[in-house]
Amino acid sequence: MPVTRSTGLLALGGIALAALLTVIGHLEVDDDLNPWALTISDFAVSDRGGVIDVAMVVLALATVALLYGLRSARPPRPRSGRTAELLLGAWVGGLLLAAVMPTNEPGTAMTTEAYLHRYASVVAFLALPVSGWLLARRPALAPAARTLRTLVLLSLALAAAMIWSAYPGDRMLIGLAERLLILAEVAVLATVAVTQTRRVTPARAASAGVLLR
């Protein structure tokens, strides 16, 4: 089995497991927590079992599998290829730091750990869509280029909505905005993973490269 195919399957499995753990983490917290008004981080800090934190680690590891597959294929433009992979690395680092450094309990003062959690999350949320846009230029991902760009634009729009909610919007529906943003960004990862699982013949890869020149 080619490396990219196996890493794509591994990444899809990790994404599915992370999604399942996140749902379980939401079910285990207090019933009075409002998912539309509170972020996933707020649920995570109230999750005594740490299931949501584990989900973030699993998602980071799934991205590492994708990175391994991407590095095994030669990018069409070396500079943009390296930048895309560095940004994916920033997404991984942001996820891991956010999982290790919990935010503060809702309604309490921000701690140093909470600020680290917040800014690690911001880095992750911004790094992934930019990486997805650059990855859409690769011939190996040409079949999914339009989907990737659509998801990236949706992610950026949702990120802007979340920023508005966090500051001038007085956190109105911030939980809903964040969950939609995460769905869009995870969809970027899943799209790359699905494309990796497809067997691409040399002729098709060469043809895609010609079309993207």
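Here the residue index of a chain counts from 1 through its sequence in written order. Residue-level local features of this predicted model are given only where pLDDT is at least 70; pairs of side-chain atoms are given and counted only at 80 or more, and the full residue set underlies all totals for whole chains, interfaces and linings. Just so you know, side-chain values use all the structure's heavy atoms and leave hydrogens and water out.

## Quick look at the overall build of the protein
Here is step 1: Elements are defined by DSSP. Helices are runs of H or I of four residues or more, strands are runs of E of two residues or more, and each kind is numbered from the N terminus. Secondary structure assignment for the protein yields eight helices and zero strands.
Here is step 2: Its helices and strands in sequence order give the protein the pattern α-α-α-α-α-α-α-α, from N to C terminus.
Here is step 3: Buried residues are those whose accessible area, probed at 1.4 Å on protein chains only, stays under 20% of the maximum for their type, while exposed residues exceed 50% and partly exposed ones sit between those limits. When each of the 213 residues of the protein is scored for burial, the buried share is 44%.
Here is step 4: Throughout, a contact is declared for two residues whenever any of their heavy atoms are within 4.5 Å. A separation of at least 24 residues holds for 74% of the contacts in the protein among residues at least 6 apart in sequence.

## Details of the nonpolar core
Nonpolar side chains in soluble globular proteins generally cluster together in the buried interior.
Here is step 1: Only buried residues count toward a nonpolar core. Its members are Ala, Val, Leu, Ile, Met, Phe, Trp, Tyr and Cys residues joined through side-chain atoms within 4.5 Å. Core analysis: the biggest nonpolar cluster contains 44 residues, and Leu59, Leu88, Trp91, Leu135, Leu189 and Val192 have the highest contact counts within it.
Here is step 2: Where this core is concerned, the elements lending two or more residues are helix H1 (3–28), helix H3 (51–72), helix H4 (78–100), helix H5 (112–135), helix H6 (145–166) and helix H7 (174–197).
Here is step 3: It is H3 that contributes the most residues to this core, eleven residues altogether.
Here is step 4: In terms of nonpolar packing, the next biggest core, distinct from the first, is built from seven residues, Leu33, Leu38, Phe43 and Ile52 among them.

## Some words on the packing of H5 against H6
When two helices pack together, their arrangement is given by the angle between their axes and by how far apart the axes lie.
Here is step 1: For helices, the fitted axis covers only the stretch in contact; all axes are lines through C-alpha atoms, and the angles between them, taken along N-to-C directions, range from 0 to 180 degrees. The geometry of H5 relative to H6 is characterised by a closest axis approach of 8 Å and an angle of 160° between their N-to-C directions. The angle between H5 and H6 falls in the class roughly antiparallel. Between H5 and H6 lies a crossing whose hand is left-handed. The segment H5 lies against H6, with Phe125, Pro129, Gly132 and Trp133 engaging Leu148, Arg149, Val152, Leu153, Ser155, Leu156 and Met162.
Here is step 2: Each residue is assigned to one class: nonpolar for Ala, Val, Leu, Ile, Met, Phe, Trp, Tyr, Cys and Pro, charged for Asp, Glu, Lys and Arg, and polar for all the others, Gly among them. Per-class residue counts for the contact of H5 with H6 are eight nonpolar, two polar and one charged. These descriptions rest on fixed angle ranges, namely under 35 degrees for roughly parallel, over 145 for roughly antiparallel, 65 to 115 for roughly perpendicular, and the rest for oblique. Handedness of a helix crossing follows the sense of rotation of the near helix relative to the far helix, less than a right angle counterclockwise being left-handed and clockwise being right-handed.

## Some points on a nonpolar patch on the surface
Here is step 1: Only residues whose relative accessible area exceeds 30% and that form no salt bridge enter a patch; like-charged residues are grouped when within 9 Å of one another, and nonpolar side chains (Val, Leu, Ile, Met, Phe, Trp, Tyr) when within 5 Å. Note on areas: these come from Shrake-Rupley sampling with a 1.4 Å probe, and a residue is covered only by the protein chains present in the view. Each reported salt bridge corresponds to a side-chain nitrogen of Lys or Arg within 4 Å of a carboxyl oxygen of Asp or Glu. Side chains of Trp36, Trp164, Met172 and Leu173 sit close together on the surface and give an oily, nonpolar patch of about 450 Å² of accessible area.
Here is step 2: Here Trp36 is to be found in the loop between H1 and helix H2 (40–46).

## A word on H7
Here is step 1: Multiply 1.5 Å by the residue count of a helix minus one, and that product is the helix's expected span. Along its 24 residues, H7 runs 35 Å from first to last C-alpha, staying within 8% of the 34 Å computed at 1.5 Å per residue.
Here is step 2: With respect to burial, H7 is a largely interior element, 17 of its 24 residues being buried.

## What about the environment of Val54?
Here is step 1: Structurally, the position occupied by Val54 is in helix H3.
Here is step 2: Each C-alpha atom, one on Val54 and one on Ala99, is 7.5 Å from the other, the two residues being 45 residues apart in sequence.

## A word on the packing of aromatic side chains
Here is step 1: Stacked, edge-to-face and tilted are the three classes for Phe, Tyr and Trp ring pairs, Trp counted by its six-membered ring, which pair at centre distances within 6.5 Å; planes under 30 degrees apart are stacked, over 60 edge-to-face, the rest tilted. A full pass over the atoms with the stated rule returns one aromatic pair.
Here is step 2: For the ring pair Tyr115 and Tyr119, a centre distance of 6.4 Å and an interplane angle of 15° mean the geometry is stacked. Taken together, the residues span about one helical turn, with Tyr115 and Tyr119 both in helix H5 at a distance of four residues.
Here is step 3: Residue Tyr119 is classed as partly exposed on the basis of its relative accessible area, which comes to 48%.

## Topic: the confidence of the model for the protein
Here is step 1: A residue's pLDDT is simply how confident the predictor is in it, with values from 0 to 100. With 85% of its residues at a pLDDT of 70 or more, the protein has an overall mean of 86.
Here is step 2: Contacts from residues 200–213, a stretch scored under 50 in pLDDT, to residues over four places away or in other chains number eleven contacts.

## Some remarks on the pattern of salt bridges
Pairing between side chains of opposite charge can happen when the charged atoms of each approach one another.
Here is step 1: Counting across every chain of the model gives three salt bridges.
Here is step 2: Between Arg71 and Glu85 there is a salt bridge, with its nearest N and O atoms 3.1 Å apart. Taken together, the positions of Arg71 in helix H3 and Glu85 in helix H4 put the pair 14 residues apart, joining distant regions of the chain.
Here is step 3: With a relative accessible area of 62%, Arg71 lands in the exposed category.
Here is step 4: With a relative accessible area of 10%, Glu85 lands in the buried category.
Here is step 5: Here Arg138 ties to Glu85 by a salt bridge, and the two come within 2.9 Å at their closest N and O atoms. Residue Arg138 is found in the loop between H5 and H6, and its partner Glu85 is found in helix H4; the two are separated by 53 residues along the sequence.
Here is step 6: We classify Arg138 as buried; its relative accessible area is 5%.
Here is step 7: Linked by salt bridges that have partners in common, Arg71, Glu85 and Arg138 make up one network.

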